[in-house]
Amino acid sequence: MTDLLYSDVEEDLRASVRDLLKAKASPEALLARVETAEGYDLKLWRTLADEVGVAGLAVPEELGGHGASAREVAVVAEELGRSVAPVPFLGSVVLATTALVRASAADFVRQLASGSAIGALAVPLSTAPGAGFPSSVTVSASGTLSGRVGTVADASVADLLVVPAAGPDGPGLYVVSAGDATVSELVSFDLTRRVADVTLANAPAVLVASGAEAASALEEALLFGAGILASEQTGVAEWALTETVTYLKGRYQFGRPVGGFQSLKHRLANLYTDLVQARAAARYAADCLATGTDVPIAVAVAQARVAPIAVHATEEAIQLHGGIGMTWEHPAHLCLKRAKADEIALGTPGKHRARLAELLNLPL
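In short, a report on the structure. (Residues numbered from 1 in each chain as written. Predicted model: local features only at pLDDT ≥ 70, side-chain atom pairs only at ≥ 80, totals over all residues. Heavy atoms only, no water.)

What to know about the overall build of the protein chain
The helix and strand tally for the protein chain stands at eleven helices and ten strands. For 364 residues, the compact-globule estimate of 2.2 N^0.38 gives 21 Å, and the protein chain sits close to it at 20 Å. Projected onto its principal axes, the C-alpha coordinates of the protein chain cover approximately 75 × 50 × 40 Å. Taking all 364 residues of the protein chain together, 54% fall into the buried category. (Helix = DSSP H or I, 4+ residues; strand = E, 2+ residues; numbered from the N terminus. Rg over C-alpha atoms; globule rule 2.2 N^0.38 Å. Buried < 20%, exposed > 50% of the residue type's maximum accessible area, 1.4 Å probe, protein only.)

Some points on unusual backbone geometry
Of note in this structure, Val84 is not a glycine but carries a positive phi near 40 degrees. With respect to the helices and strands, the residue Val84 is situated in the loop between α4 (70-83) and α5 (89-102). With a relative accessible area of 2%, Val84 lands in the buried category. Backbone geometry at Leu346 places phi at a positive 55 degrees, although glycine is not the residue there. Examined against the element boundaries, Leu346 turns out to sit in the loop between α10 (332-344) and α11 (349-359).

Concerning the nonpolar core
Counting 68 residues, the largest nonpolar core has Trp45, Leu48, Phe89, Leu100, Leu121, Leu173 and Ile228 as its most contacted members. Here this core takes ten residues from helix α7 (residues 211-250), the largest share from any one element. One finds Leu191, Ala237, Leu275 and Cys335 within the second-largest nonpolar core, a separate group that totals 35 residues. (Core = buried A, V, L, I, M, F, W, Y, C linked by side-chain atoms within 4.5 Å.)

Regarding the pattern of salt bridges
Under the counting rule described, the total for this entry stands at 24 salt bridges. With a shortest N-O distance of 2.8 Å, Arg338 and Asp190 are connected by a salt bridge. Taken together, the positions of Arg338 in helix α10 and Asp190 in the loop between β6 (182-185) and β7 (195-203) put the pair 148 residues apart, joining distant regions of the chain. Accessibility expressed as a relative area gives 3% for Asp190, which makes it buried. The partner of Asp342 in a salt bridge is Arg193, with the nearest N and O atoms 3.0 Å apart. A residue pair is termed long-range when its members are at least 10 positions apart, and Asp342 in helix α10 and Arg193 in the loop between β6 and β7 qualify at 149 residues. (Salt bridge = Lys/Arg side-chain N within 4 Å of Asp/Glu carboxyl O.)

Some remarks on the side chain of Asp342
Judged by its relative accessible area of 1%, Asp342 falls in the buried class. When sequence neighbours within four positions are dropped, the list of residues in contact with Asp342 reads Arg193, Leu229, Glu232, Gln233 and Gln303. (Contact = heavy atoms within 4.5 Å.)

Considerations on the packing of α7 against helix α9 (residues 295-320)
Between α7 and α9, the least distance of the axes is 8 Å, while the angle of their chain directions is 25 degrees. The angle between the axes of α7 and α9 places the two elements in the roughly parallel class. The element α7 and its partner α9 pack so that their crossing is left-handed. Of the residues in the contact of α7 with α9, the class split is 20 nonpolar, six polar and no charged. (Axes fitted to C-alpha atoms, helices over the stretch in contact; angles between N-to-C directions. Parallel < 35°, antiparallel > 145°, perpendicular 65-115°, else oblique. Left-handed = near helix turned anticlockwise from the far one by under 90°. Nonpolar A, V, L, I, M, F, W, Y, C, P; charged D, E, K, R; others polar.)

Next comes the structure, spelled out in structure tokens:
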């Protein structure tokens, strides 16, 4: 195992992303945007993709990327979690790009890595690693795809859909232009990450992987997604703790800061120890993804532990902010919704605990 502390390169990347998000994705701007039909901030996304290079961060250099590892991707995810920025990072960079890289679909990878196109992996956002290959989309004799996939993350802004489909010769991984599909955005619980239903009716498609290669590419994308998601959840939890401490220091009652009351100190201390655990689990998962060591186990541990911590931290943030925390004008509710949606995304903590028991041969 390598050093889990953040490297200088990772800290520089964090600073660049954080400064950009502070300038372009302030809480005020975020609250104003999520109330509109537009939802996503594609201008911010283009800046992140073009100037910071997050779109091709973990893509090999020979495919037009920067050749970084999962550790750097996790740092970006952590910062995006802190700001709950409405950008298609999870769907395009983490899920779709990973699946295409594993499928060796060079031309499509270059499009996503350059930021010229946005991708989405056409599986329900709740799909967990180890769930098996989906069969909701089928392949016709002519190679077109038909079927429906519900609650696909970031599909409403995608240009390319990476679609797992079942054909007469077994599983296949296909790329479909979003213009050849019917994408219906749903009313999402998390307003900063939209989901949509994708319907295909004899849609032309390009086969990029088949058989065991397709199944492996999909599984690796889901594992990568679940592992990186733990870093996003850590960022959400860190925001909740930091903002709550700042608020309680400045909120006075009975002539003293509210944060000085012992019972609140204890709650904040518990949140801090939880955050330390979350960061350790998320960093270990990112490092295992980078080195290819114990990946399924590390990802299952991270999701089983970090997801509940993010939810608890955001719940505490709303409670400890008092009346203002309950209002629509404060961003705490957006972080709680992201934490709750992430708890379901790519497998619930219960599913990951069950998966961990299987991997370690433990009795359920």
